[in-house]
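# Topology and contacts: notes
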Amino acid sequence: MLAAQGDVIVRHQLLERVSDARRRSDALFNIVRSDAIYERPIPERHRIIFYVGHLEAFDWNLLHENVLGLKSFHPEFDRLFAFGIDPVGGGLPSDRPSDWPSLERVREYVSRIRAALDEKLADGSLESYARTRDGFPLDTLLNVAIEHRLMHVETLAYMLHQLPLNQKNSPEKSLPPQVASPVSPQMMQIPAGRATLGLARAGETFGWDNEYETHGVEVPAFAIDRYEVTNRQYLDFMAAGGYENRAFWSDESSKWKAEHAVSHPVFWSKAGDGWLYRTMFEEIPLPPDWPVYVSHAEAMAYARWAGKALPGEAQWHRAACGTDDGREHLYPWGKEAPLSSFGNFDFSHWDPTPVNSFPQGQSFFGVHDMLGNGWEWTSTVFAPFPRFEPFPFYPGYSADFFDGKHFVMKGGSPRTAASMLRPTFRNWFQAHYQYVYAGFRCVNHSSKE
């Protein structure tokens, strides 16, 4: 009896998290001015109107029939808003604004879904919906719904970042932490040790299918940048002809760079003899000590220019969570839950902060800013861990991207929710995608700097 009561309490906590995630996504859409809701700020993605309907369509398609026994009231919209896109090979969407339903109809669809799901889930008999037809606990699916929405709150921020400034409503700004000292780049020595990747399937922590199964990797000694590469450092690479020197780019990346006239980070714009940085709501002089946000291809080119490399996933984990006695920390700073004093994450700010802003968040080995302030590209191709099993209720979540064209990112950005700062969470994008809040740091593959 006590166990059942505990389950219901946990489930109600999950429903509160669902409501909180909805508030975050609603607030994000409120940034978009009404005459811009049919814009496509990023060529490779859907128009903004799609995402207004997608978040609810995802929850509905996940829960309504498989778990709650509800019948669809708008099958056409269930299909229309079911899946996002990640085109591989250069193909871009060509739909027109007139191909999409009105905002009023989409909002009515969203409202009806929320009402139907909330009524069913809050009727006092949650225990009767304990498992899906596939045998998964309802709690697992609620976590999937929550984190899927929070992922989109972040990826939609990337999209809205590219929306013209005059098409956005600016909310109240949060003040970033003030840092007096400039960044002094250096590398930290990481002794050989074991990195434990992945989640134990029998554990109680929620994870996506690609996070399982736990396994150990022996990592030789190496050195890693204490801080993420900054805008100032990347500017040195550009001044040295980094974008023009063919030796730093693969054949595929050279072709991409030429076809799209890529000559600088997408968040930068030239202004006379200097550079401006486009924050979410204004353009400012380039902040030299913020982490540079670039594509994987650009990060790789910089690393080659510097005579270094990007870290592998296991190296990154070792630097972030490892210690010199074999134990591993839950977070770089230890076991305490993520707080605003440890890093720039969990929606604290819209934009980056200097990479030395959070000394309390450094890892055991003295590496700073490994959670928050920008995802970090690794050299690891996104692929399944040993004994991978796709979620039967969402089989394509990870498996569709095991194509050799996506790379693992670790850490988190200013817009990453605290729940996804767990050390096993894996993000991934294609090598030529410039819009994500992703930076990088470099490694030397020996213990000597």
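Residues numbered from 1 in each chain as written. Predicted model: local features only at pLDDT ≥ 70, side-chain atom pairs only at ≥ 80, totals over all residues. Heavy atoms only, no water.

## Let's talk about the overall build of the chain
Assigned secondary structure in the chain consists of 10 helices and 12 strands. Computed over the C-alpha atoms, the radius of gyration of the chain is 22 Å, within 12% of the 22 Å expected from 2.2 N^0.38 for a compact globule of 449 residues. Overall size of the chain, expressed as C-alpha extent along the three principal axes, is 60 × 55 × 40 Å. Expressed as a percentage of its 449 residues, the buried residues of the chain come to 55%. Restricting the contact set of the chain to residue pairs at least 6 apart, pairs at least 24 apart contribute 79%. Carbon and sulfur atoms form 52% of the exposed surface of the chain, whose accessible area is close to 19400 Å². Here the chain carries 44 positive and 56 negative side-chain charges, and the mean point of each set is 1 Å from the other. (Helix = DSSP H or I, 4+ residues; strand = E, 2+ residues; numbered from the N terminus. Rg over C-alpha atoms; globule rule 2.2 N^0.38 Å. Buried < 20%, exposed > 50% of the residue type's maximum accessible area, 1.4 Å probe, protein only. Contact = heavy atoms within 4.5 Å. Areas by Shrake-Rupley, 256 points an atom, 1.4 Å probe, with all protein chains shown as cover. Lys, Arg positive; Asp, Glu negative; His and termini not counted. Charge placed at Lys NZ, Arg CZ, Asp CG, Glu CD.)

## Structural notes on empty space enclosed by the protein
Taken as a whole, this structure holds four cavities of 30 Å³ or more when the rule is applied. As a volume, the largest cavity reaches approximately 40 Å³. Taken together, Val 183, Pro 185, Gln 186, Asp 225, Arg 226, Tyr 227, Glu 228, Val 229 and Gln 233 make up the full set of residues lining the largest cavity. Classifying every residue of the lining of the largest cavity gives four nonpolar, two polar and three charged. (1 Å grid on protein atoms, 1.4 Å probe; cavity = no way out; pocket = protein on both sides within 12 Å on 5 of 7 lines; lining within 4 Å. Points joined across faces, edges and corners; volume = space filled by probe spheres on them. Nonpolar A, V, L, I, M, F, W, Y, C, P; charged D, E, K, R; others polar.)

## Some words on the sheet that holds strand β1 (residues 187–190)
Strand order across the open sheet formed by three strands is β1-β4-β12, with antiparallel pairing between neighbours. In this open sheet, the two edge strands, each paired with only one partner strand, are β1 and β12 (443–444). Alignment of β1 against strand β4 (residues 222–225), held across four bridges, turns out to be antiparallel. Residue pairing for β4: Ile 190 is matched across the bridge by Phe 222. Each of β1, β4 and β12 touches helix α9 (residues 313–321); the most contacted strand, β4, lies at about 75 degrees to it. (Pairing = 2+ DSSP bridges. Axes fitted to C-alpha atoms, helices over the stretch in contact; angles between N-to-C directions.)

## With respect to helix α5 (residues 138–161)
Counted at 1.5 Å a residue, the expected span for α5 with its 24 residues is 34 Å, and the 35 Å between its end C-alpha atoms agrees. Counting buried positions along α5 gives 23 out of 24 residues, so the element sits mostly inside the fold. (Expected span 1.5 Å × (residues − 1).)

## Considerations on α9
Counting buried residues along α9, nine of its nine residues qualify, which places the element largely inside the surrounding structure. Restricting attention to buried positions, one finds in α9 the residues Glu 313, Ala 314, Gln 315, Trp 316, His 317, Arg 318, Ala 319, Ala 320 and Cys 321.

## Side note on the nonpolar core
If you look at the biggest cluster of nonpolar residues, it comprises 103 residues, and the most contacted ones within it are Leu 63, Trp 208, Tyr 234, Phe 237, Trp 268, Trp 377 and Phe 440. Sorting elements by how many residues they give to this core places α5 first, with 14 residues. The residues touching Leu 63, leaving out its near neighbours within four places in the chain, are Leu 68, Leu 117, Leu 138, Leu 141 and Leu 142. Within the second largest apolar cluster, 24 residues are counted, among which are Ala 195, Ile 224, Tyr 331 and Phe 365. (Core = buried A, V, L, I, M, F, W, Y, C linked by side-chain atoms within 4.5 Å.)

## Regarding the sheet that holds strand β7 (residues 283–285)
Strand pairing in a sheet relies on backbone hydrogen bonds. The paired strands run either parallel or antiparallel. Read from one edge of the open sheet, three strands run β5-β6-β7, paired in antiparallel fashion. The sheet is open, and its two edges are formed by β5 (268–271) and β7, each paired on a single side. Strand after strand, the sheet turns through a mean of 40 degrees between neighbouring axes, direction not considered.

## A closer look at unusual backbone geometry
Of note, the bond from Tyr 212 into Glu 213 is cis; its omega dihedral lies within 30 degrees of zero at 5 degrees. Tracing the backbone through its elements, the reader meets Glu 213 in the loop between β2 (193–197) and β3 (215–219). Unlike most non-glycine residues, Phe 347 shows phi in positive territory, near 65 degrees. Looking at the element boundaries, Phe 347 is found in the loop between α9 and β8 (375–381). Taking the relative accessible area as the measure of exposure, Phe 347 reaches 11% and is therefore buried. Even without a glycine there, the phi angle at Asp 369 is positive, about 65 degrees.

## Considerations on the packing of aromatic side chains
The full count for this structure, using the stated rule, is 48 aromatic pairs. Seen from their ring centres, Tyr 234 and Tyr 302 are 5.9 Å apart, and the 15 degrees between their planes marks the pair as stacked. Taken as a pair, Tyr 234 in helix α6 (residues 231–239) and Tyr 302 in helix α8 (residues 296–305) lie far apart in primary sequence, 68 residues in all. Note on accessibility: Tyr 234 and Tyr 302 belong to one class, buried. Taken together, the aromatic side chains of Phe 58, Phe 206, Trp 208, Phe 382, Phe 388, Phe 391, Phe 393, Tyr 394, Tyr 397, Phe 401, Phe 402 and Trp 428 make up a single cluster linked through ring pairs. The positively charged end of Arg 112 is found above the aromatic ring belonging to Phe 73, 4.0 Å away from the centroid. The side chain of Arg 426 reaches across the aromatic face of Phe 385, ending 4.0 Å from its centre. (Phe/Tyr/Trp six-rings, centres within 6.5 Å; stacked < 30°, edge-to-face > 60°. Lys NZ or Arg CZ within 6 Å of the ring centre and 35° of its normal.)

## Topic: the pattern of salt bridges
Enumeration over the complete set of coordinates arrives at 21 salt bridges. Asp 251 is the salt-bridge partner of Arg 246, the closest N and O atoms lying 1.9 Å from each other. The exposure class assigned to Arg 246 is partly exposed, which follows from its relative accessible area of 41%. Each of the salt bridges in this network shares a partner with another, and the network as a whole consists of Arg 22, Asp 26, Glu 56, Asp 59, Arg 114, Asp 118 and Arg 149. (Salt bridge = Lys/Arg side-chain N within 4 Å of Asp/Glu carboxyl O.)

## Describing the confidence of the model for the chain
Fine structural detail should not be taken from predicted coordinates in areas where pLDDT scores are low. For the chain, the mean per-residue pLDDT works out to 91, and 91% of the residues sit at or above 70. Residue range residues 1–5 is modelled with pLDDT below 50. Its contacts to residues more than four positions away, or to other chains, number zero contacts. (pLDDT = per-residue confidence, 0-100.)

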